[in-house]
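Close look at the chain arrangement
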Amino acid sequence: MREFIVRALMWVSAHLTLTRRTRPGRHTAEHFANRPAGPPSGTTPGRVSAWARPWTGPSAAEARAIFRAEEARHLSPEQRERYYATAWAERGYDYPYTAPGVHQVRTGATA
C-alpha cells in the first residue's frame, strides 16, 4: 500500500511541475508593467459613469414643493397623479406613473 501511495505522489509531483506559468499572473507587478495603457479590462471605452456628470434632475426642494402642494390635497388619487404629472411637465421632467397603486394610462395599441 505504501508503494502505491509513493507512486501516486511521484506522479502528481511530476505533473505539477508541468503546470508552471510561463507568463506572470494577473496580480503580479510584471503583469501590470507589461500591460498597454488604456481603459481597465471589462469596461467599454464609450461608457461614462452616471456619477461622473452633474445631477440634471429636480432638486429635493422642488420635488417636495410639488408633492406637498396645498391645491393637490383635496383631489382624488387619479386627479392628484394628473396634477403631479402636469407639474413635472411644466418644469420639463417626465413623471412615469410607475408607483404601485397608480393607474396606468395606455399610450399605444396592442396587436
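Procedures and definitions
- Residues numbered from 1 in each chain as written.
- Predicted model: local features only at pLDDT ≥ 70, side-chain atom pairs only at ≥ 80, totals over all residues.
- Heavy atoms only, no water.
- Helix = DSSP H or I, 4+ residues; strand = E, 2+ residues; numbered from the N terminus.
- Buried < 20%, exposed > 50% of the residue type's maximum accessible area, 1.4 Å probe, protein only.
- Contact = heavy atoms within 4.5 Å.
- Core = buried A, V, L, I, M, F, W, Y, C linked by side-chain atoms within 4.5 Å.
- Axes fitted to C-alpha atoms, helices over the stretch in contact; angles between N-to-C directions.
- Left-handed = near helix turned anticlockwise from the far one by under 90°.
- Nonpolar A, V, L, I, M, F, W, Y, C, P; charged D, E, K, R; others polar.
- 1 Å grid on protein atoms, 1.4 Å probe; cavity = no way out; pocket = protein on both sides within 12 Å on 5 of 7 lines; lining within 4 Å.
- Points joined across faces, edges and corners; volume = space filled by probe spheres on them.
- Salt bridge = Lys/Arg side-chain N within 4 Å of Asp/Glu carboxyl O.
- Patch = residues over 30% accessible without salt bridge, like charges linked within 9 Å, V, L, I, M, F, W, Y side chains within 5 Å.
- Areas by Shrake-Rupley, 256 points an atom, 1.4 Å probe, with all protein chains shown as cover.
- Phe/Tyr/Trp six-rings, centres within 6.5 Å; stacked < 30°, edge-to-face > 60°.

1. Thoughts on the overall build of the chain
Scanning the chain for helices and strands turns up four helices and zero strands. Each helix and strand of the chain, ordered N terminal to C terminal, gives the series α-α-α-α. Burial analysis of the chain (111 residues in total) assigns 11% to the buried set. The long-range share in the chain, meaning contacts at least 24 apart out of those at least 6 apart in sequence, stands at 25%.

2. Digging into the nonpolar core
Core analysis: the biggest nonpolar cluster contains eight residues, these being A63, I66, A72, Y84, A85, A87, W88 and Y95. When contributions to this core are tallied by element, the ones reaching two or more residues are α3 (60-67) and α4 (77-90). Among the elements that line this core, the one with the most residues is α4, at four residues.

3. A closer look at the packing of α3 against α4
In the contact formed by α3 and α4, the axes pass within 10 Å of each other and the chain directions differ by 145°. Like other packed secondary-structure pairs, α3 and α4 cross with a definite hand, here right-handed. On the side of α3, the interface is formed by A63, I66 and F67, while α4 contributes Y83, Y84, A87 and W88. By residue class, the composition of the contact of α3 with α4 is seven nonpolar, no polar and no charged.

4. A look at the layout of surface pockets
Roughly 160 Å³ of internal volume is contained in the largest pocket. Lining of the largest pocket is provided by A50, W51, R53, P54, W55 and T56. Considered class by class, the residues forming the lining of the largest pocket number four nonpolar, one polar and one charged.

5. Points about the pattern of salt bridges
With the rule as written, the count across this model stands at three salt bridges. Where R7 meets E3, a salt bridge forms, and the shortest distance between an N and an O atom there is 2.3 Å. A residue pair is termed a helical-turn pair when its members lie 3 or 4 positions apart in one helix, as R7 and E3 do in helix α1 (residues 2-16) at four residues. Residues R7 and E3 agree in their burial class; the two are exposed.

6. What to know about a nonpolar patch on the surface
Together, M1, F4, I5 and L9 make up a nonpolar patch on the protein surface, roughly 510 Å² of accessible area in all. As for its placement among the helices and strands, F4 is situated in helix α1.

7. Notes on the packing of aromatic side chains
Under the counting rule described, the total for this entry stands at four aromatic pairs. Measuring from ring centre to ring centre gives 4.7 Å for F67 and Y84, while their planes differ by 75°; the resulting arrangement is edge-to-face. Of the two residues, F67 sits in helix α3 while Y84 sits in helix α4, which places them 17 residues apart along the sequence. In this structure Y84 comes out as buried when scored by relative accessible area, which is 9%. Seen from their ring centres, F67 and W88 are 5.9 Å apart, and the 55° between their planes marks the pair as tilted. In this pair, F67 is assigned in helix α3 and W88 in helix α4, connecting sequence segments 21 residues apart. With a relative accessible area of 5%, W88 lands in the buried category. Taken together, the ring pairs in this structure connect F67, Y83, Y84, W88 and Y93 into an aromatic cluster.

Function cannot be inferred from these measures alone, as they are strictly geometric.
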